[in-house]
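Topology and contacts: notes
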Amino acid sequence: MEINKISQIITVSTGTTLAACEAMLLSEGFYSGYKPVEEDASLTYARVLAERIPNYYFLQHGGIEDLCVGGEGVTSSGQEFTLKSAPRSATGPDLRRMLVGSDGIFGHFKNVTVRIFPLPQKTAWGFCLLDHVSEASEFLRNMLTSFIRPLFLCVIDQEETETIMTELGQKTTDKVAVAFKLADLSALLEAKKEALVHMGEELKHRFYWPTRLGTTEKLDELLLKPKFFKQTFRKNAELFLHGADVENLAEKRLKRELENMAQLKRLKIAG
């Protein structure tokens, strides 16, 4: 593994596990910004890149296709290639995005260069407690359009809210909550919290900021789950598609993805 602290990138063999890379980064004061939805200690970069496994922290850091900035590999025909790491490129199709998620049909990386980030000084979970799901959409829209990017967020219903609040030793009668995780420099994180509270004052939004020792780890365990990740994607669609048939859009998107997968398989067989 080769780390460049100035450019904030690391080059690793794709046979390296994410856990090993994360441990090394933590010892250097960095982290990958990538927390895969699939939890597996043996998960390697080769598999992550081939399958494009989603990132819980995509709202702040993007997916693995965004974090990958270059690398060396082999095409499906056996030709070696090098994709140079560059901040910007205007050389035609983005070959990185073509390879990531192709399941090796077009080729695979042997070594990959990915972005890394300095460890945040502070992380904090917050809850915006609301009476109706429509208020949740308004809160999320205000948050994201104000460029406050959480590591993760999800909208949880009354039953889930009660369960989580009970785990935290709190009682609530709220019907819906937005749970979100912030990470930044201490002063900036506090400023974001103040900004969210200020934006919510007019709408009478109520906030709860857990501060008890060990709460962050407990909430990571409770909320960083695939079912909440799926809810996040659905809610993002609802935010900016007023009047659109979200269910129909999702069905069409799934159908298109299945057709693309079938086409890729045909290409692989033909090759």
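Residues numbered from 1 in each chain as written. Predicted model: local features only at pLDDT ≥ 70, side-chain atom pairs only at ≥ 80, totals over all residues. Heavy atoms only, no water.

**Remarks on the pairing of strand 6 (residues 107–115)**
Two elements, strand 2 (residues 9–13) and strand 6, share five bridges in a ladder whose sense is antiparallel. Its bridge partner being in strand 6, I10 is matched across the sheet by V114. Pairing geometry for strand 4 (residues 68–75) and strand 6, over seven bridges, is antiparallel. Its bridge partner lying in strand 6, V74 is registered against H108. (Pairing = 2+ DSSP bridges. Helix = DSSP H or I, 4+ residues; strand = E, 2+ residues; numbered from the N terminus.)

**Remarks on the packing of aromatic side chains**
Evaluated as defined, the whole model comprises eleven aromatic pairs. Arranged with centres 6.4 Å apart and planes meeting at 75 degrees, the rings of W125 and F152 form a pair that is edge-to-face. Note that W125 is positioned in strand 8 (residues 122–130) and F152 in strand 9 (residues 152–157), a separation of 27 residues in sequence. Its relative accessible area of 0% is what places F152 among the buried residues. Among the aromatic residues, those joined into a cluster by ring pairs are Y56, F58, W125, F152 and F229. (Phe/Tyr/Trp six-rings, centres within 6.5 Å; stacked < 30°, edge-to-face > 60°. Buried < 20%, exposed > 50% of the residue type's maximum accessible area, 1.4 Å probe, protein only.)

**Topic: helix 1 (residues 18–27)**
Regarding helix 1, the residues found buried are L18, C21, M24 and L25. Along the long axis of helix 1, the arc covered by the buried residues comes to 130 degrees, so they all point the same way. Where helix 1 is buried, its residues contact strand 1 (2–4), strand 2, strand 3 (30–31) and helix 2 (45–51). G29 sits one or two positions beyond helix 1 and adopts a positive phi of about 85 degrees. (Arc of directions from axis to C-beta. Contact = heavy atoms within 4.5 Å.)

**Considering the pairing of strand 4**
Counting buried positions over the eight residues of strand 4 gives six, a clear majority of the element. Sheet analysis places strand 4 next to strand 5 (residues 80–83), joined by four bridges and oriented antiparallel. Each bridged residue has a counterpart across the sheet, and for V74 the counterpart in strand 5 is E80. In this antiparallel pair of consecutive strands, strand 4 and strand 5, the connection spans four residues, and G78 shows a positive phi of 95 degrees.

**Some thoughts on the environment of K5**
Inspection of the secondary structure puts K5 in the loop between strand 1 and strand 2. Among the residues examined, K5 registers a relative accessible area of 43% and is labelled partly exposed. The spatial distance from the C-alpha of K5 to the C-alpha of I116 is 8.6 Å, given a sequence separation of 111 residues. For K5, the contacting residues outside a window of four places in its chain are E28 and F30.

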